[in-house]
Structure formats: C-alpha cells, structure tokens
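# A closer look at the structure
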Amino acid sequence: MNRFLNFSVALALSTGMAAAGAATRYDVVTTWYEPDTQPNNTVFIGSFDYDRATRSVTNLHGQLSESMTGMMGGGMNWLSLDHQLASWHDATLGGTFAATFRHANTNTFWTGAGGDGWSPASGIEAGGVFAGFPSARANPGNAYALIFIPDDPVSALTRAQIDKLAYADCAAGGMMGAVCMTGTSAAGYGAEGTMSGYPLAQTISAAVPEPGILGLMLTGLPLIGAIARRRRII
C-alpha cells in the first residue's frame, strides 16, 4: 500500500509540476552608467528562458531605454528588442552570453574597418559609426543589448562578468551625427562607450509563473489531498 501511495503522490506531483519543470523563465535588468545624460542611464528590462542542463538561453527580449531622449525634461524613449540572434557559453567566465536586437538581423555598425558589424569589439573598431555609412538613409537604425547569465542564473555577477555587458543604439534617439550611442567597459573591451557609458550592474530573478502554469501546478494538489484522505481511511 505504501508503494502504491508513494507512486500516486509522485504521479500527482508530476501532473501538477510538469509545466513548472519547463518554466525556466527569468527576468533581467541591466544598467549602463551614462555620465553625460545624468540622471538618466541606459537600462535594459527584459526576460529570457534558460536551460540549466544545456546552459542555453532562448527568447531573450525586452526594452532598451534611450537616455539622451530624456535630457530635455520629457520621458525617455524605449526601444523594443525582440530578436535574440546571438548566444554562446563562456567556460572561463562561467556563464552564457545572449544578445537581443531591435531588428531581425545584426546589421548595426559600419564594417568598412572590418569586424562582424555588431559585436562590441566591432563597434569600437568602427568608432561607433552606423551600418550603411556614409548614407544616413542607409542606417537600419538597429540596436541591441548583450547580457550575461551565470551558470547559476540568480547569482550575483562578478566584476569581470559585468565588464562584458554591452549595448548599442543606432536608432534616431541614440544617434550623434554618424555615431551610435554605445555602452562598453575599458576593462572588458578596451574602451568605454561613445558617450563614456559603461556597464554598472545587472540583476536576474526568477520570473513569477504565468497564470496558466500556476493553474497546472495547483491541479495536482487536490489529488494529493485525496490520496492522503484515502490513506487515513485505509
């Protein structure tokens, strides 16, 4: 009977918690300090799905603020970054990088000086100049945020990990002539951003389950209660 009870409880838990096992959603807030646009900083607020077994990140998306747009007393513009187009695991740093973009491509920086056209190193090599330079009409107005997820996602980032966070904003609200607004650190990439912006902090927290998932989790509870009552009767 005890074996039957244990099996039944396990079945009930698996029924109610199956969705929870697949719920690997996390929220993230990344901040770059902007000395020239204070009190406004550049902030990315988003979420992603993380698989601990494979250390893979998917569905990274969110909003990136344009700190320059808030300098005239109005509110800041926010860009939607909905296209995760790059991700890789770094064993030395102990975590996974992921980048999400404004557009469904990585065309961000001018490639006349070489480089891949989007990475922080490529942006520094291009002097922050937009893709399609010298034609302003050719600027696709892309933007991205590059975050870092430790192997234990909710653990605090080390200074070395924070130094590798980066962003670029080549949309209208982030342009200074031909130069995009960027945020990088001298320690991580050899130079600060185009307006001296650099990564300040990042926090990751477990997301609150979706109402549907929470409902599935709770469906197992009545069955567990019924099994417990059956055991008392027997």
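Described in the following lines is the structure provided in the data block. (Residues numbered from 1 in each chain as written. Predicted model: local features only at pLDDT ≥ 70, side-chain atom pairs only at ≥ 80, totals over all residues. Heavy atoms only, no water.)

## Focus: the sheet that holds strand E3 (residues 56-66)
Sheet strands pair by backbone hydrogen bonding; their relative direction is either parallel or antiparallel. Quick reminder of the rule: Only strands that DSSP links by at least two bridges are regarded as paired with each other. Numbering of helices and strands starts at the N terminus; helices are DSSP runs of H or I of at least 4 residues and strands are runs of E of at least 2. For helices, the fitted axis covers only the stretch in contact; all axes are lines through C-alpha atoms, and the angles between them, taken along N-to-C directions, range from 0 to 180 degrees.
Pairing in this open sheet of 5 strands is antiparallel, and the strands run E4-E3-E2-E1-E11 from one edge to the other. Across the chains shown, the open sheet's two edge strands, defined by having one partner strand only, are strand E4 (77-81) and strand E11 (198-206). The sheet shows a mean angle of 20 degrees between the axes of neighbouring strands, direction not considered. Relative to E11, strand E1 (residues 25-33) is paired through 8 bridges, and the arrangement is antiparallel. Paired with valine 28 across the bridge in E11 is isoleucine 204.

## Description of the pattern of salt bridges
The condition that has to hold: Basic side-chain nitrogens of Lys or Arg form a salt bridge, by our definition, when they fall within 4 Å of a carboxyl oxygen of Asp or Glu. Partly exposed describes any residue whose relative accessible area lies between the buried limit of under 20% and the exposed limit of over 50%, with all areas from a 1.4 Å probe on protein chains only and scaled to the type maximum.
By the definition in use, this model includes 4 salt bridges. The salt bridge partner of arginine 52 is aspartate 152, with a shortest N-O separation of 3.6 Å. Taken together, the positions of arginine 52 in the loop between strand E2 (42-51) and E3 and aspartate 152 in the loop between strand E7 (143-150) and helix H3 (159-162) put the pair 100 residues apart, joining distant regions of the chain. Its relative accessible area of 47% is what places arginine 52 among the partly exposed residues. Judged by relative accessible area, aspartate 152 falls into the partly exposed class, the value being 36%. Across the pair arginine 159 and aspartate 163 runs a salt bridge, and its minimum N-O distance is 3.2 Å.

Read these as spatial facts, not as claims about activity.
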